[in-house]
Structure formats: C-alpha cells, structure tokens
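Residue-level listing of the chains:
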Amino acid sequence: MAKYQLQYGRGVAEVEIPWEEVIGVIEPNHYEPRFSDQERIIRHALAHPIGTPPLDQIVSPGERVCVTVNDITRLTKSEVFVPIIIEELNRAGIPDKDITILFANGLHKAMTEGEMQRIIGEEIYGRVNIVQHDGVNGDFTLVGTTSRGNKVYINKVVTDADRVILTGGIILHHLAGYGGGRKNIIPGVAHQETIFFNHRMMVDPRAEAGNIEGNPIHEDVMEACGLVEPDFLFNVILDHQGEIAAAVAGHWREAHAAGCAIADELYKVPIGKLADIVIASSGGYPKDIDLRQSKKGYYHAARAVKPGGTIIAVAACEEGISREGDPFAQWLQDYRTLAEVREAMLQEFDIGGLNAYRTREVQDRARLILISELDQKTMADLGVETYGIDRLQQVVDEVRAAAGARPTIYLMPQAGLTLPSLVTGTRACGA
C-alpha cells in the first residue's frame, strides 16, 4: 500500500491505495522560471512587452488610467504585481489621484474591505481610487455589438478612462479555454446581459478548457475586447504552489497568446490511457471554497476517466454550493440530466445553470462522488452523491472493490490546474 496526500480545504487528507493500481499521478508540469525572484519576473515582463512599447511610452501625464484587477476568487499574486505597476505609472508621470483600480468582479458578489486590501496590498488600497464592478446595478456604456449579436455593455469606469490596463492570471478555463487577458472585459467589467449572452454558448462542445480554436465564447470575448481596445496587458502564470512561474505584458491579444502557450507547458498533461477511477482534489482553499469553484476539478478529472468509470472529487466547499448566491442548487434540483439542463439553458441562460451543466456533463460520463463538508442529504436530494471526509478511505476501498480485480487509478492532486490530454506515446502518464 502507498499513502497519498490530497489538499482539502485548509488542510490535507490522506488515502492509502495499492501502489500497483495507481498508473499515474497527474499534476502540473515543472516549469523553470526565468528568474528565481518573483519581482524580477514581473519587472522583466514590463520592460519587455510583446506587441506594444513599454508602459511609460503609452501613458502620458494628465491622463486618467484604469487598472482592472481580479477579485478574491482569482488569486493571482496581484498584491505583488499591482504595487509595481502603480510604481511604473507614477514614474511615467501619472499621480495616484489619476489612477483607478477597478475590481473585475463579473457577477461575483462584492468583496469586503479586508479582501480588497489583501488583493492589492494595504498601502496601494489607501492611495488610489478603488471601485468594485457591479454587473447588475453599475453604470455602463454600450461600446458596440459583436458579430454574434452580443451587445457589449462595459463599466463606465473603463470607457471613461484615457488608458486601460488589464491585469490578472492565465489559467485553464472551462468555457473560454483560458483565463486572463480579454476575460477581464467579459465577464470582468461587463453587464449581466452581455455576460449571459456570451456564456450561453457554453453548450457548444468547442467551449472547453484549453481550447480556443472555434470556441465561440472565446471568439465573442475577443471581439468585445477589440471594441474596448485596452492599452496594455499584464498577466501572470502561476505554478501549482501559487507562485509566479512567468509573466507576460504588452498587447492584450499578443501577450495573452504568449501566456497561454506557457500555461499549456504548465497545465496540460499527456496521458496514455483512461483509468477506471480518478481521485481528484480541486487543490484546497480557495480552489475548493465552494462547489461552484470545485467543479473545475472534477470537470478536468473527467478527461482522464473511462466512460462509466468513477471520479472521487475531494473538495471541502466550506462556503457551500455557491458563495455568490446564484441558483446552482436550484438548477441541480430542477434538472437531473444533461439533456434537461441543456434544453433549459437554451431557453434562458443562468449562471446557476452553467454550473449545473458542467456537473451533469461529468455525471453523464462517469459516477461522480463528492467528498465534502456539504450536507450529504441535501446533496443527495440534488442528485450528487456526497460523503464526509471521514469516509474518504472507505469510499475509495468500496469503489476499488466494485471496479474488479486490479483497477487502474489516477490521482490528480491539483485537478483544478491540470488538464489531462489523451495521447499515444511512451512519455505520456499512464502509458
């Protein structure tokens, strides 16, 4: 028997499995940063932008600058790079009073003052203008309509600024292929109507993690971002330990594409075969802060399991099904099959439906077992098999026994950041 540790909430869970049954541990690849110091990585990217001049040659004294920053659900080391960007702006002649940080909340709930300070640092928080985006009740400008008919309403803080700088992190994204870049426009600072129009295209099979080719959600957001035409982008790519592995800066399109290529090196993992069982941790807090965030883990795990196999998803979900208050639970209650959710989504899109769709999509492929703090009876009523962390070993043993003699098992300790890709070749995991 071999012992394996999986991050669970703010702690660690342990499970024992016969070593001969584990055909691979699927986790993010090692990436050697250009510099060992995170600040040097940031400053090097800012000094060597892709597709634009450096920031100090773009902004001019007297201009009002809007810097978009991710909210608390997207931890990107912004507390490290935002002060450096503000420093660069100050050096270029832009005083603090002409700088506004707009938290790109999308449709997430408003943050507390403490959360905002944590994201950008207390010193910066007390110096520049701070605005939280409200996707429902904010002030918006219609900047145009995409070729798919999406009316693009954008926060007036962005449209009223002389210069717009997008910041954030590039990770795999289950709708747009990758996070970062243009996603700070939609959903980051867009109106609910614009976000819903874009996100309802998720029923297209090309709208999936790690793919932008023909992805309608990505293409629609790219058009929308082109209507805004941000002046500069700064994005980081984090490793599985949450440290900055790389950074890109420059044109919002070209720099982001370069960052996505680095994200592929980190997060896409070739596998040689599918397994009977996949045991997947979303990666601990805050990646498993609620079921809405945790779904990314079991969604990725579905790429590594045989049809009809079993996914055991380890995710604490300390803040419930959705901390944002969207009707995720209601959609699970009302629609028990993938076909039912898809039909309802085509009738009227809802963020709760989006999350239910991804969950039923996984269940359509495999048995999904959730190991969580969520109430087991409530989850059973919603059609999601759930057990407490104290049952983890028992569940694993029972699933192994049901799979027959010597089942094949993958472990995914950072499933939210790891995308298995089935390939042939001796270098693939599980080959």
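Right, let's walk through the structure included here. (Residues numbered from 1 in each chain as written. Predicted model: local features only at pLDDT ≥ 70, side-chain atom pairs only at ≥ 80, totals over all residues. Heavy atoms only, no water.)

## Here's the deal with unusual backbone geometry
Cis geometry marks the peptide bond from Ile186 to Pro187, where omega comes out at 10°. By secondary structure assignment, the location of Pro187 is in the loop between strand E11 (177-178) and helix H6 (192-199). Of note, the bond from Tyr285 into Pro286 is cis; its omega dihedral lies within 30 degrees of zero at 0°. One non-glycine residue, Glu229, lies in the positive phi region at around 50°. The topology assignment puts Glu229 in the loop between helix H7 (216-228) and strand E12 (232-238). Residue classification places Glu229 among the partly exposed positions, given a relative accessible area of 39%. Unusually for a residue other than glycine, Arg406 sits at a positive phi of about 45°. In this fold, Arg406 is placed in the loop between helix H14 (392-402) and strand E19 (409-412). (Helix = DSSP H or I, 4+ residues; strand = E, 2+ residues; numbered from the N terminus. Buried < 20%, exposed > 50% of the residue type's maximum accessible area, 1.4 Å probe, protein only.)

## Regarding empty space enclosed by the protein
Scanning all chains against the criterion turns up one cavity of 30 Å³ or more. The volume enclosed by the largest cavity comes to roughly 50 Å³. Taken together, Ile72, Thr73, Tyr285, Pro286, Ile289, Gln293 and Arg323 form the lining of the largest cavity. Looking at side-chain class alone, the lining of the largest cavity contains four nonpolar, two polar and one charged residues. (1 Å grid on protein atoms, 1.4 Å probe; cavity = no way out; pocket = protein on both sides within 12 Å on 5 of 7 lines; lining within 4 Å. Points joined across faces, edges and corners; volume = space filled by probe spheres on them. Nonpolar A, V, L, I, M, F, W, Y, C, P; charged D, E, K, R; others polar.)

## Some details on the sheet that holds strand E3 (residues 22-25)
Across the sheet, six strands lie side by side as E3-E19-E15-E16-E17-E18; this open sheet has parallel pairing. In this open sheet, the two strands that pair with only one neighbour each are E3 and strand E18 (385-387). Each strand axis lies, on average, 20° off the axis of its neighbour in the sheet, ignoring direction. For strand E16 (residues 305-314) and strand E17 (residues 367-371), the ladder comprises five bridges, and the chain directions are parallel. Bridge pairing in E17 places Thr310 opposite Arg367. (Pairing = 2+ DSSP bridges. Axes fitted to C-alpha atoms, helices over the stretch in contact; angles between N-to-C directions.)

## Thoughts on the pattern of salt bridges
Under the counting rule described, the total for this entry stands at 29 salt bridges. Among the ionic pairs, Arg43 bridges to Glu88, the shortest N-O distance being 3.9 Å. Highlighted residues: Arg43 in helix H1 (residues 38-47) and Glu88 in helix H2 (residues 78-91), separated in sequence by 45 residues. One continuous salt-bridge network, built from bridges that share partners, spans Glu39, Arg43, Glu87, Glu88 and Arg91. (Salt bridge = Lys/Arg side-chain N within 4 Å of Asp/Glu carboxyl O.)

## Points about the sheet that holds strand E13 (residues 244-250)
Spatial strand order, E6-E5-E4-E9-E12-E13: six strands in an open sheet with mixed pairing. Each edge of the sheet is formed by a strand with only one pairing partner; in this case those strands are strand E6 (129-132) and E13. On average, each strand axis in the sheet is tilted by 15° relative to the strand beside it, whichever way the strands run. Here strand E9 (residues 163-169) pairs with E12 via five bridges, running parallel. Across the sheet, residue Gly168 finds its bridge partner in E12, namely Asn235. Of the strands in this sheet, E12 and E13 touch H1, which is tilted by about 20° from E13. (Contact = heavy atoms within 4.5 Å.)

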